[in-house]
Amino acid sequence: MDTAFDPRRHVPAPAELHGRVIAITGAGEGIGRAVALACAEHQAQVILIGRKVAKLEKLHAEILARGWPEASIAPLDLEKAVARDYDQLADALLERYGRLDGLLHNAGILGTLAPIEHYDVPTWCRVMHVNVTAAFALTQVLIPALKKSADASVVFTTSSVGRAGRAYWGAYAVSKFAVEGLAQVLSEELAGISHVRVNALNPGRARTAMRRAAYPAEDLESVPLPESLTGPYIALLGPASQGVSGGSFDAQSAPAAAAGAASSAASSS
Ligand code: NAP
């Protein structure tokens with residue numbers, strides 16, 4: 001792994017993703033939406049994956065109206081999808097594009113914040129399923145399309161609570177630890193036998209619905225907009241990270257440490 005690579009330093013060129021086909025889960029909202037727009041702006045053909053088609057259609061129209069490469073929509077509810085849904089998505093993607101150059105696993109759910117002793121078991125299963133198992137299943141069906149690319153990149157979305165345990169973050173934290181592990185295992189498996197690299201990226205604090213749910217008392221105005229964090233995503237999804245695999249990166253520097261309760265409110269999830 002190239003340890004000198006830091007996606008935070010990357011300034012994307014206007015047509016950096018020209019000719020690349022990039023699929024993004026959870027594209028309808030929050031960070032996924034911002035990254036989808038940024039990828040299209042930098043000339044990628046984006047596949048918008050999500051469960052709410054109306055949001056994806058709006059985004060598709062916005063990309064079209066701006067004159068960027070036309071996107072496509074792939075409805076997929078990661079909580080409910082069965083094998084046939086994954087296969088259909090992979091078949092449609094291969095038929096239309098013939099390959100996949102980038103896959104961003106961005107969709108995720110928070111579940112509840114609660115001590116392990118009292119954590120609701122069905123919620124635990126739901127969070128682990130959407131955040132980990134569905135990402136695994138989608139990756140698995142898309143590996144053949146990724147292998148057809150001359151330079152493909154898979155990016156899993158992690159979190160600071162997936163690197164060091166934090167009380168009450170329950171299934172969400174454990175799911176992000178799992179995502180880090182999944183990225184490492186897959187990176188090793190694909191090294192040397194394909195041109196597919198695999199990394200994890202922690203966006204850090206971002207002004208989204210998930211952040212609001214995790215920190216209801218926080219002044220959201222102090223939290224960076226998702227649009228300000230897209231450079232590192234482009235760095236990892238595009239040619240800038242060629243040869244970089246098995247890493248776990250940050251999209252922003254950790255906020256300055258503050259005392260007591262303020263420090264947990266300033267934490268990245
Ligand atoms: P968000 O605004 O809540 O967006 C989450 C996205 O995931 C939405 O597009 C949502 O689709 C999609 N999603 C949820 N359940 C789904 C399902 N069953 N099937 C398909 N899509 C589903 O969250 P965000 O803050 O942008 O988070 C994006 C990623 O960054 C997550 O992996 C999160 O863990 C990570 N992260 C966020 C922060 C932060 O401060 N925001 C910090 C660290 C890590 P709908 O629109 O249909 O609900």
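Thresholds applied
Residues numbered from 1 in each chain as written. Predicted model: local features only at pLDDT ≥ 70, side-chain atom pairs only at ≥ 80, totals over all residues. Heavy atoms only, no water. Helix = DSSP H or I, 4+ residues; strand = E, 2+ residues; numbered from the N terminus. Rg over C-alpha atoms; globule rule 2.2 N^0.38 Å. Buried < 20%, exposed > 50% of the residue type's maximum accessible area, 1.4 Å probe, protein only. Contact = heavy atoms within 4.5 Å. Areas by Shrake-Rupley, 256 points an atom, 1.4 Å probe, with all protein chains shown as cover. Pairing = 2+ DSSP bridges. Right-handed = clockwise from strand over helix to strand, strands pointing away. Near = heavy atom within 4 Å. Polar contact = N/O pair within 3.5 Å; in protein donor to acceptor, adjacent residues only side chain to side chain. 1 Å grid on protein atoms, 1.4 Å probe; cavity = no way out; pocket = protein on both sides within 12 Å on 5 of 7 lines; lining within 4 Å. Sits in = over half its atoms within 2 Å of the grid points. Nonpolar A, V, L, I, M, F, W, Y, C, P; charged D, E, K, R; others polar. Points joined across faces, edges and corners; volume = space filled by probe spheres on them. Salt bridge = Lys/Arg side-chain N within 4 Å of Asp/Glu carboxyl O.

Draft legend 1. Fine view of the overall build of the chain. Across its full length, the chain carries eight helices and seven strands. For 269 residues, the compact-globule estimate of 2.2 N^0.38 gives 18 Å, and the C-alpha radius of gyration of the chain, at 18 Å, lies within 12% of that figure. If you line up the chain on its principal axes, its C-alpha atoms span 50 × 40 × 40 Å. Sorting the 269 residues of the chain into buried and exposed places 52% on the buried side. Sequence separation of at least 24 residues holds for 75% of the intrachain contacts in the chain that already meet a minimum separation of 6. Just so you have it, the chain exposes about 12,000 Å², and 55% of that area is on carbon and sulfur atoms.

Draft legend 2. The arrangement of the pairing of strand β3 (residues 72-75) in detail. Residues Ser72 and Ala74 of β3 are buried on one face, while the alternating residues Ile73 and Pro75, pointing to the opposite face, are not. Here strand β2 (residues 45-50) pairs with β3 via four bridges, running parallel. In the sheet register, leucine 48 faces β3, and the bridge partner there is isoleucine 73. In this view, the connection linking β2 to its parallel neighbour β3 by way of helix α2 (residues 53-65) has right-handed handedness.

Draft legend 3. Geometry of the site of the ligand. In the region of the ligand, 29 residues are neighbours, and Arg51, Lys55, Asn106, Tyr172 and Thr208 sit closest. In this structure, arginine 51 approaches the ligand through a side-chain N or O atom, which is 2.8 Å from an oxygen atom. At 3.4 Å, a backbone N or O of glutamate 79 approaches a nitrogen atom of the ligand. Coverage of the ligand by the protein chains reaches 95% of its 890 Å² of free accessible surface. Given that more than half its atoms are within 2 Å of the pocket grid, the ligand belongs to the largest pocket. Contributing elements (two or more residues each) for the shell around the ligand: α1 (30-41), α5 (170-190) and α6 (209-214). A class-by-class count of the residues in the shell around the ligand yields 10 nonpolar, 10 polar and nine charged.

Draft legend 4. Focus on empty space enclosed by the protein. This structure, assessed with the given rule, holds one cavity of 30 Å³ or more. Taken as a whole, the largest cavity spans an internal volume of roughly 90 Å³. Taken together, 15 residues line the largest cavity, and the ones lying closest to its centre are His105, Asn106, Ala107, Asn131 and Ala135. Taken together, the elements giving at least two residues each to the lining of the largest cavity come down to α4 (121-147), β5 (152-157) and α5. Sort the elements by how many residues they give to the lining of the largest cavity and α4 lands first, with five residues. In the lining of the largest cavity, the residues fall into eight nonpolar, six polar and one charged.

Draft legend 5. Quick look at the pattern of salt bridges. Under the definition given, this model contains 13 salt bridges. Measuring nitrogen to oxygen at the nearest pair gives 3.1 Å for the salt bridge that ties arginine 66 to glutamate 62. Classification of arginine 66 as partly exposed rests on a relative accessible area of 48%. With its nearest N and O atoms 2.6 Å apart, the salt bridge here joins arginine 211 to glutamate 218. Like glutamate 218, arginine 211 is buried. Salt bridges sharing common partners tie together Arg20, Asp151 and Arg197.

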